[in-house]
Structure formats: structure tokens, C-alpha cells
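# Observations on the model geometry
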Amino acid sequence: MSINEVRYLPECGSTNAYVKEHFEEFGPVGAVYTENQTAGRGRLGRSWVNAEGKALYYTAAIREPLAQPTTLPLLASLAVRTQLKLRYGVDCQIKWPNDLLLNGKKIVGILCEGVSYGYQQQGRGILCGIGINLAQPQSYFDAAGLPNGTSLALQGAKVDLSTDPAWLAEGLTDFGFDRNMYVFARDGFAPFREEYKAACVNLGRRVTFDLPDGGQGAGEAVDVDEEGRLVVRTDSGEVHVFTGEVSVHGIYGAV
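A quick note: this is a predicted structure, and the numbers were derived from the prediction, not measured.

The rules behind each value
Residues numbered from 1 in each chain as written. Predicted model: local features only at pLDDT ≥ 70, side-chain atom pairs only at ≥ 80, totals over all residues. Heavy atoms only, no water. Pairing = 2+ DSSP bridges. Helix = DSSP H or I, 4+ residues; strand = E, 2+ residues; numbered from the N terminus. Axes fitted to C-alpha atoms, helices over the stretch in contact; angles between N-to-C directions. Contact = heavy atoms within 4.5 Å. Bend = angle between axes of the 7 residues up to and from the residue. Core = buried A, V, L, I, M, F, W, Y, C linked by side-chain atoms within 4.5 Å. Buried < 20%, exposed > 50% of the residue type's maximum accessible area, 1.4 Å probe, protein only. Parallel < 35°, antiparallel > 145°, perpendicular 65-115°, else oblique. Left-handed = near helix turned anticlockwise from the far one by under 90°. Polar contact = N/O pair within 3.5 Å; in protein donor to acceptor, adjacent residues only side chain to side chain. Salt bridge = Lys/Arg side-chain N within 4 Å of Asp/Glu carboxyl O.

## A few points about the sheet that holds strand E2 (residues 29–34)
Strand order in this open sheet of seven strands is E1-E2-E3-E7-E6-E5-E4, and the pairing throughout is mixed. Two strands bound the open sheet, and with one partner strand each, they are strand E1 (6–8) and strand E4 (93–95). Strand-to-strand twist across the sheet, computed as the mean angle between neighbouring axes with direction ignored, equals 20°. Helix H4 (residues 164–187) contacts E1, E2, strand E3 (55–62) and strand E7 (123–133) of the sheet and is inclined by roughly 30° relative to E3.

Listed below in C-alpha cells is the structure:
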């Protein structure tokens, strides 16, 4: 086991799948990254298009027991936001729960999964996969059918593909996750709530959201509670949303 190891792979089918297979080799916080992920998958089962050499594909392995594991995606969005601000001076907004937007377009996607490991799979952990669009050209997003996607380079950031992926991976592991994990593991999302709300693009806007019965609800997003749920004021009262897709109106139509 290596403490806080950040492992680089020249190519990988999926960094999430790799971490699942090697989970016991990391701990309590470790990570894998590549710039060439050939078999990834998006949130809600969306298709995947590799951007070889133009993006960072990163997965953190968290073996630390968490008081509130369902809110890890929200902590992760803050971690990435901080590292991007440090590296590029950009001020990303967060589309609940964990997409990062720059100038209204998506620049980061995050996907967390539970992991079972060890003797008779009795160990429990969680992994956090993060994709950061570094330098894809507009043609990449056009071909992938992603009109709301963008890259740091397209938004004017000075991206150095020879050094930035390693810098971001190290920073995310040591500062984004490990340093915050002492507080987060014990207290969950609550200590990070105000920082998150200040960056959340949903608040104060009209949103639509999936209902458990397959229908859709709509209203104004007014808060994010201590359990990381989006609080939406609807005609019939407040609804606390935690799963499914949420669209925000007023940013390039809806994102």
C-alpha cells in the first residue's frame, strides 16, 4: 500500500475501472490519471468520446470511512474548482451536483462510485472519477454532439499539456481530497456548504428536475441543504432533490 500515491498511466481504458481493480494498492487516499482514456463513460449512461492528449482523466481512491459518502461528488467539485483557480486563475461555477461550468459551458464532469474490496469483498470504499477538458478544439465538441461543452484553452486559459495534467493530479490528491478528508470524513458536507453555495449556479434560477415516478418537477432553486440536496421551491412547496438530472434555465437556454 502506498500513501497518497498518484499513479500515471500513458493509456487506460477507464481510470475508474483501473482503480476498482487495484483498490487495495491505494490508501487511505490515492489516485490514477491519464491523458488517454479509451473506454470511459459519462454520467447517466451517456456515451464517451476520448480526447487523446487533450484532457485529464483522473480517479481518486478513498478508503477513509466517510460519515456522508453520498456528498463526496459535491466536495470533489469544490476540490477541482480550487485547483483550476490556482493553476489558471479561472472562476468556475458549479452546476448541482458536480459539473463545473466556465462561462456557462461544461468544463469538468465527475462520477463517484462505491467499491467493495478485500476478504469476501467486505471492505467498503469509494472512488471519484474526474474528467477535465484542457485543450480540446471546438471541432471535438461539435463532433461529440456537446454544444454546452468547452475546454480551458477555448476559454482563453494558457494550458501546458506537458506539465498541467501532473500538477492538477498531484494537487487534487494532496490538497483537494487528502487535506479536506480529515474534516469531510468526520463531519460530511456541512463545513463546506457555504463555499459550495457561493459557487452554485443553480441557486436563484428556475430549474427542472426528475421525479422518482419518472415525471418532471420545476421551480426555483433556493438552497443546498446540509445533506447536499438541492432545495427547489415549487408551486406545491419545497422539494429536496438528490438524484436524477437537473436542468438550469437561463444559461445558454438550459444546461
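## Thoughts on the environment of Val248
Structurally, the position occupied by Val248 is in strand E12 (residues 246–248). As a C-alpha pair, Val248 and Val201 span 47 residues in sequence and 8.1 Å in three-dimensional space.

## Concerning H4
At Met181, H4 shows its largest bend, some 60°. Directly after H4, the chain includes Gly188, whose backbone phi takes a positive value near 75°.

## Observations concerning the nonpolar core
Membership of the largest hydrophobic core comes to 56 residues, with the highest contact counts inside it found for Tyr58, Leu84, Ile130, Ile132, Leu152, Phe177 and Met181. For this core, the leading source of residues is helix H2 (residues 72–88), giving nine residues. Sequence-distant contacts of Leu152, that is, excluding residues within four places in its chain, are made with Leu84, Tyr88, Val90, Leu102, Ile107, Ile132, Asn133, Leu134, Ala157 and Val159. Core analysis: the second largest hydrophobic core is formed by 11 residues, Cys12, Ala61, Val115 and Leu127 among them.

## Some points on the packing of H2 against H4
The description of two helices packed together rests on the angle between their axes and the distance between the axes. At a minimum axis distance of 9 Å, the contact between H2 and H4 shows a crossing angle of 135°. With respect to H4, the axis of H2 lies oblique. The way H2 lies across H4 gives a crossing that is right-handed. Contact residues: Leu72, Leu75, Ala76, Ala79, Val80, Gln83, Leu84, Leu86, Arg87 and Tyr88 in H2; Asp164, Trp167, Leu168, Gly171, Leu172, Phe175, Gly176, Phe177, Asn180, Met181 and Phe184 in H4.

## Considerations on the side chain of Thr71
Among the structural elements, Thr71 can be located in the loop between E3 and H2. At a separation of 2.9 Å, a polar atom in the side chain of Thr71 contacts the main-chain carbonyl oxygen of Gln68. Excluding anything up to four places from it in sequence, Thr71 contacts Phe184, Phe189, Glu227 and Gly228.

## Digging into the pattern of salt bridges
For the structure on display, the rule yields 13 salt bridges. Across the pair Asp223 and Arg193 runs a salt bridge whose closest N-O atoms are separated by 3.0 Å. With a gap of 30 residues between them, Asp223 in strand E9 (residues 216–224) and Arg193 in helix H5 (residues 193–199) connect regions that are remote in the sequence. Here Glu194 makes a salt bridge to Lys197, at a shortest N to O gap of 3.8 Å. Taken together, the positions of Glu194 and Lys197, both in helix H5 and three residues apart, correspond to about one turn of that helix. Since its relative accessible area comes to 53%, Glu194 is described here as exposed. Note on Lys197: relative accessible area 22%, which makes it partly exposed. Taken together, the salt bridges that share partners define one network made up of Arg193, Glu194, Lys197 and Asp223.

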